[in-house]
Protein chains: 2
Amino acid sequence: MNKKGQLIVVSGPSGVGKGTMLREYVKGRESVRYSVSATTRAPRPGEENGKDYYFLTKEEFLNRVEQGNILEYAQYNGNFYGTPKDMVEQALAQGQDIILEIDVQGALQVKEKSPGALLVFIMPPSGEELRQRLIGRQTEDEATINKRLAIAQEEMAQVQEYQYVVVNDNLDQAVAQFSHIVEANRSLVTNWLSENKSEYGFGPGAKPLK
Amino acid sequence: MNKKGQLIVVSGPSGVGKGTMLREYVKGRESVRYSVSATTRAPRPGEENGKDYYFLTKEEFLNRVEQGNILEYAQYNGNFYGTPKDMVEQALAQGQDIILEIDVQGALQVKEKSPGALLVFIMPPSGEELRQRLIGRQTEDEATINKRLAIAQEEMAQVQEYQYVVVNDNLDQAVAQFSHIVEANRSLVTNWLSENKSEYGFGPGAKPLK
């Protein structure tokens with residue numbers, strides 16, 4: 001309904017399968033794509049600027065932060081990672097939906113800077129199921145799994161900061177539910193009202209219809 | 001996701017085609033049905049109590065209103081028409097979605113009494129298009145059409161009381177959009193959180209997941 005694209009923020013605990021769900025959702029949908037992050041880390045062999053990441057110097061990155069041109073960012077291992085606002089807004093203006101797969105802290109930053117963003121949280125069917133999935137990976141020891149679970153628990157407790165929850169029990173159902181949410185959000189009254197109201201005889205500049 | 005059904009309130013100006021859209025939506029969906037209204041008017045030949053209407057005496061109706069057992073009501077030509085709360089809640093508890101096709105005044109009453117209700121407003125593609133549709137019916141004179149348009153304009157100006165807008169430009173698209181909204185609403189965080197949170201290690205009674 002809106003011609004502008006939607007900024008879609010997706011979070012969820014490690015092990016919930018949000019990456020798999022999003023890849024399945026994006027597949028075959030031309031009007032949606034992942035945001036390309038900016039980073040200050042050095043490109044790895046084969047990585048392309050503007051495709052894998054926007055590679056910036058630390059100074060360039062921090063200048064962008066200062067100018068309010070980074071929607072959210074975080075520091076890992078001494079490098080900055082963030083979402084360039086201008087790139088996102090350019091894509092949205094072209095009618096593209098943009099997906100940001102980020103953690104809760106990042107999502108809260110986006111929520112503050114882009115109040116129109118759609119925030120979706122991916123939940124496991126239960127806490128116990130999440131534990132089973134993490135154990136099933138067989139890549140981590142018990143202490144690491146327990147640490148991940150404690151973080152997951154903290155993240156899940158912030159779900160009320162999001163607008164929608166998708167419980168990832170069955171992949172196809174989760175993708176369908178995510179799709180319903182993205183489509184429905186286009187006709188949320190608050191989004192719809194930001195378009196032209198005078199067409200309908202109300203809002204600024206409206207004239208009687210008769 | 002919720003096992004409980006959803007109460008779905010649908011309004012829109014006369015001529016917008018909401019009845020056609022809803023009939024198309026309900027067709028083939030077993031988990032949704034229209035609410036049966038209560039009325040104090042006399043049954044017409046062939047009308048069945050509990051199917052077409054719940055036929056009540058004026059005293060019975062007003063007793064129900066007093067007991068808070070009518071979700072919304074209005075008076076037309078000396079008769080009362082309203083939505084029986086117990087019937088709606090019984091159906092919702094059985095997992096049925098219930099559709100109320102009512103005017104803005106009725107919708108506002110439901111919103112107050114059932115804050116969890118989903119409110120959807122059906123809009124024409126434009127005010128001018130609505131006028132053309134009303135003219136196209138060729139059943140009314142210009143004065144009547146202008147009166148309908150003035151009422152429509154007042155109703156449309158209250159769209160911000162609703163959660164979602166469906167623009168009825170193309171019937172199939174409108175039905176699809178309506179369906180997205182109904183499905184997405186099941187995973188709205190506020191609805192989802194009313195279910196058991198302790199499953200996820202947060203909320204009352206939650207224990208650490210590890």
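Conventions and cut-offs
- Residues numbered from 1 in each chain as written.
- Chains lettered and ligands numbered in written order.
- Predicted model: local features only at pLDDT ≥ 70, side-chain atom pairs only at ≥ 80, totals over all residues.
- Heavy atoms only, no water.
- Helix = DSSP H or I, 4+ residues; strand = E, 2+ residues; numbered from the N terminus.
- Buried < 20%, exposed > 50% of the residue type's maximum accessible area, 1.4 Å probe, protein only.
- Contact = heavy atoms within 4.5 Å.
- Areas by Shrake-Rupley, 256 points an atom, 1.4 Å probe, with all protein chains shown as cover.
- Pairing = 2+ DSSP bridges.
- Buried area = accessible area lost by both parts, 1.4 Å probe.
- Polar contact = N/O pair within 3.5 Å; in protein donor to acceptor, adjacent residues only side chain to side chain.
- Salt bridge = Lys/Arg side-chain N within 4 Å of Asp/Glu carboxyl O.
- Arc of directions from axis to C-beta.
- Axes fitted to C-alpha atoms, helices over the stretch in contact; angles between N-to-C directions.
- Left-handed = near helix turned anticlockwise from the far one by under 90°.
- Nonpolar A, V, L, I, M, F, W, Y, C, P; charged D, E, K, R; others polar.

**Student:** Looking at this structure, I do not really get the overall build of chain A. What am I missing?
**Tutor:** When its secondary structure is counted, chain A shows eight helices and nine strands. Seen through its principal axes, chain A has C-alpha atoms that stretch 70 × 45 × 30 Å. Sorting the 210 residues of chain A into buried and exposed places 46% on the buried side. Restricting to contacts in chain A with at least 6 residues of sequence separation, those with at least 24 account for 64%. Counting only carbon and sulfur atoms, one obtains 45% of the accessible surface of chain A, whose full area is about 10600 Å².

**Student:** Can you help me understand the sheet that holds strand β4 (residues 54–55) of chain B in this one?
**Tutor:** Two strands in a sheet stick together by hydrogen bonds in their backbones, pointing the same way (parallel) or opposite ways (antiparallel). All names here are of chain B. Here four strands make up an open sheet; going across it, the order is β4-β3-β6-β5 and the pairing mixed. Lying at the two open borders of the sheet, with one neighbouring strand each, are β4 and β5 (70–76). The sheet contact formed by β5 and strand β6 (residues 79–84) spans five bridges and is antiparallel. From the neighbouring strand, Ala-74 faces β6, where its bridge partner is Tyr-81.

**Student:** Would you explain the interface of chain B and chain A in this entry?
**Tutor:** As a measure of interface size, the accessible area lost when the parts come together is often cited. The interface of chain B with chain A comprises 37 residues on the first partner and 37 residues on the second. Both sides of the chain B and chain A interface together cover about 3400 Å² of buried area, and 67% of this is carbon and sulfur. It is Gln153(B), Tyr200(B) and Leu209(B) that lose the most area in chain B upon contact with chain A, and together they represent 19% of the buried surface on that side. Applying the counting criterion to the chain B and chain A interface returns 10 residue pairs in polar contact (both at pLDDT 80 or more).

**Student:** Explain the pattern of salt bridges here, please?
**Tutor:** Opposite charge on two side chains allows them to pair when their charged atoms are near. Residue and element names in this part refer to chain A. Scanning the model with the defined rule gives 18 salt bridges over all chains in all. In this structure, the salt-bridge partner of Arg-64 is Asp-86, at a minimum N-O distance of 3.2 Å. Placement of Arg-64 in helix α2 (residues 58–66) and of Asp-86 in helix α3 (residues 85–93) is noted, with a sequence separation of 22 residues between them. For Glu-161, the salt bridge is made with Lys-111, and the minimal N-O distance between the two is 2.9 Å. With a gap of 50 residues between them, Glu-161 in the loop between α6 (142–156) and β9 (164–167) and Lys-111 in helix α4 (residues 104–113) connect regions that are remote in the sequence. We classify Glu-161 as partly exposed; its relative accessible area is 29%.

**Student:** Help me out: how do you make sense of the side chain of Arg41(B) in this one?
**Tutor:** All names here are of chain B. Mapped onto the fold, Arg-41 is located in the loop between β3 (38–39) and β4. There is a polar contact of 3.0 Å between the side chain of Arg-41 and the side chain of Glu-47. In this view, Arg-41 contacts Glu-47, Tyr-53, Phe-55, Asn-79 and Tyr-81; residues no more than four positions away in its chain are not counted.

**Student:** Quick question: what am I supposed to make of the environment of Ser31(A) here?
**Tutor:** Residue and element names in this part refer to chain A. Here Ser-31 shows up in the loop between α1 (18–26) and β2 (32–34). A residue is classified by how much of its surface remains accessible, and Ser-31, at 41% relative accessible area, is partly exposed. Here the alpha-carbon distance between Ser-31 and Ala-91, two residues 60 residues apart in the chain, equals 9.9 Å. When residues no more than four places from it in sequence are discounted, the contact partners of Ser-31 are Gly-95, Gln-96 and Asp-97.

**Student:** Explain helix α1 (residues 18–26) of chain B here, please?
**Tutor:** Owing to its 3.6 residues per turn, the α-helix brings residues three or four apart onto one side. All names here are of chain B. Buried within α1 we find Lys-18, Gly-19, Met-21, Leu-22, Tyr-25 and Val-26. Projected onto a plane normal to the axis of α1, the buried residues spread over an arc of 160° and lie on a single side. Each element contacted by the buried residues of α1 is listed here: β1 (7–11), β2 (32–34), β7 (97–101), β8 (118–123), β9 (164–167) and α7 (171–185). Immediately beyond the C-terminal end of α1, within one or two residues, lies Gly-28, with a positive phi of roughly 80°.

**Student:** Where do I start with the packing of helix α7 (residues 171–186) of chain A against α7(B) in this structure?
**Tutor:** Each pair of packed helices can be described by the angle between their axes along with the distance between the axes. At a minimum axis separation of 8 Å, α7(A) and α7(B) run at an interaxial angle of 115°. Regarding α7(A) and α7(B), the two cross each other, and that crossing is left-handed. From α7(A), Gln177(A), His180(A), Ile181(A), Glu183(A) and Ala184(A) reach across to α7(B), where they touch Gln177(B), His180(B), Ile181(B), Glu183(B) and Ala184(B). Grouping the amino acids of the contact of α7(A) with α7(B) by side-chain chemistry returns four nonpolar, four polar and two charged.

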